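# Secondary and tertiary structure notes
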Amino acid sequence: FIEEDFWPLNTSLWVKNFHGNEPKYLYYLLSSIDYKKFSDKTGVPGVNRNDLHAIKVFVPPYKEQTKIAQILSTWDKAIATTEKLIGNSQQQKKTLMQSLLTGKKRLPGFEGEWTETTLGEISKPQQWSTITSSQLTPAGFRVYGANGFIGYYSEYNHELECVTVTCRGSTCGEVSLIPGKSYITGNSMCLDDIEPSINAYRYIYYSLSYRGFDDVI
């Protein structure tokens, strides 16, 4: 919904005559339509003007349109405010991680030098066997692949929670903390055998999330 002056490109359909209807209501009405059913006619997804002309919709009286648009606009503003707060919180967390995970800022009551080590010294990085989708079961233990939770299996290969690094696909390098009693497929590198009394799982997770793996992918 654009309120200022603009120049529409030929990749967009635009409306300037609303035939006595509330423009903002029509915006929300058009936003609620699933256009995917019009995109399977050619190899390139798209919607043409004739498709839109043929769509049947329910339109209330003008005053009711205006009231509906006001209510939905209020929700949009609330969502935008929440998203801004989340964005600010994420930036603050990023700044805090930079300070705490690099030793630049020490917590009160803690002292002593930090130890530089390798993942191979504090864990056993390894990939477990991958199971196929046909092996998944309706219920059982949760299975995690490259894109997170993918289903259930009759057994688990990790009793305790585990820090993993995705090693295949579009999420390659993504760090996750998988809960215990789960089956982790070979699409993720498991950092097994971390001694929890020496190294906390969650600290390793946050530390690797901050570090990233762009330099080794």
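The shown structure was predicted, so the numbers you read here are calculated from the model rather than taken from an experiment.

## Quick notes on the pattern of salt bridges
- Scanning the model with the defined rule gives two salt bridges in all.
- The salt bridge involving K181 is made with E159; its shortest N-O contact spans 2.7 Å. Note that K181 is positioned in the loop between strand 5 (175–178) and strand 6 (182–184) and E159 in the loop between strand 3 (148–153) and strand 4 (162–166), a separation of 22 residues in sequence.
- The exposure class of K181 is partly exposed, given its relative accessible area of 39%.
- Here E159 falls in the partly exposed class, since its relative accessible area comes to 43%.
- Note that R211 and D215 form a salt bridge whose closest N and O atoms lie 2.9 Å from each other.
- Assessed through its relative accessible area of 58%, D215 is described here as exposed.

## What to know about the side chain of T185
- Along the chain, T185 turns up in the loop between strand 6 and strand 7 (188–192).
- For T185, a relative accessible area of 1% translates into the label buried.
- Setting aside chain neighbours within four positions, we find T185 in contact with W128, S129, T130, I131, V143, Y144, G145 and I150.

## Comments concerning the sheet that holds strand 3
- Taken in spatial order, the three strands line up as 3-2-6 in an open sheet, and their pairing is mixed. Each edge of the sheet is formed by a strand with only one pairing partner; in this case those strands are strand 3 and strand 6. Ignoring which end each strand starts from, the neighbouring axes of this sheet average 30° apart.
- With three bridges connecting them, strand 2 (residues 141–145) and strand 6 associate as parallel partners. Its bridge partner lying in strand 6, R142 is registered against S182.

## A few points about the sheet that holds strand 1 (residues 124–126)
- In space, the four strands of this open sheet follow the order 1-7-4-5, with antiparallel pairing throughout. Here the strands that pair on one side only, and so sit at the sheet edges, are strand 1 and strand 5. In this sheet, neighbouring strand axes are inclined to one another by 30° on average, regardless of whether the strands run parallel or antiparallel.

## Here we look at the confidence of the model for the protein chain
- For the protein chain, per-residue confidence averages 90 on the pLDDT scale, and residues scoring 70 or more make up 97% of the total.
- Mean pLDDT across the elements of the protein chain ranges from a minimum in helix 2 (residues 49–54), with 82, to a maximum in strand 6, with 97.

## Observations regarding the side chain of T164
- Examined against the element boundaries, T164 turns out to sit in strand 4.
- With a relative accessible area of 3%, T164 lands in the buried category.
- Apart from residues no more than four positions distant in its own chain, T164 is found in contact with E174, V175, S176, I178, I184, S188, M189 and C190.

## With respect to a nonpolar patch on the surface
- On the surface, a nonpolar cluster with roughly 350 Å² of combined accessible area is contributed by I2, F6 and W14.
- Relative to the assigned elements, F6 resides in the segment before helix 1 (23–31).
- On the accessibility criterion, F6 (45% relative accessible area) is partly exposed.

## Looking at the nonpolar core
- In this structure, I122, V163, V165, V175, L177, L191, I194, Y201, I204, L208 and F213 together form the largest nonpolar core, which totals 11 residues.
- Breaking this core down by element, the ones donating at least two residues are strand 4, strand 5 and helix 5 (201–211).
- Considering each element in turn, this core owes the most residues, three residues, to helix 5.
- Those residues in contact with V175 that lie beyond four places of it in its chain are V163, T164, V165, Y205, L208, S209 and F213.
- With five residues, the next largest nonpolar core counts Y144, C162, I178 and C190 among its residues.

Thresholds, definitions, all that
Residues numbered from 1 in each chain as written. Predicted model: local features only at pLDDT ≥ 70, side-chain atom pairs only at ≥ 80, totals over all residues. Heavy atoms only, no water. Salt bridge = Lys/Arg side-chain N within 4 Å of Asp/Glu carboxyl O. Helix = DSSP H or I, 4+ residues; strand = E, 2+ residues; numbered from the N terminus. Buried < 20%, exposed > 50% of the residue type's maximum accessible area, 1.4 Å probe, protein only. Contact = heavy atoms within 4.5 Å. Pairing = 2+ DSSP bridges. Axes fitted to C-alpha atoms, helices over the stretch in contact; angles between N-to-C directions. pLDDT = per-residue confidence, 0-100. Patch = residues over 30% accessible without salt bridge, like charges linked within 9 Å, V, L, I, M, F, W, Y side chains within 5 Å. Areas by Shrake-Rupley, 256 points an atom, 1.4 Å probe, with all protein chains shown as cover. Core = buried A, V, L, I, M, F, W, Y, C linked by side-chain atoms within 4.5 Å.

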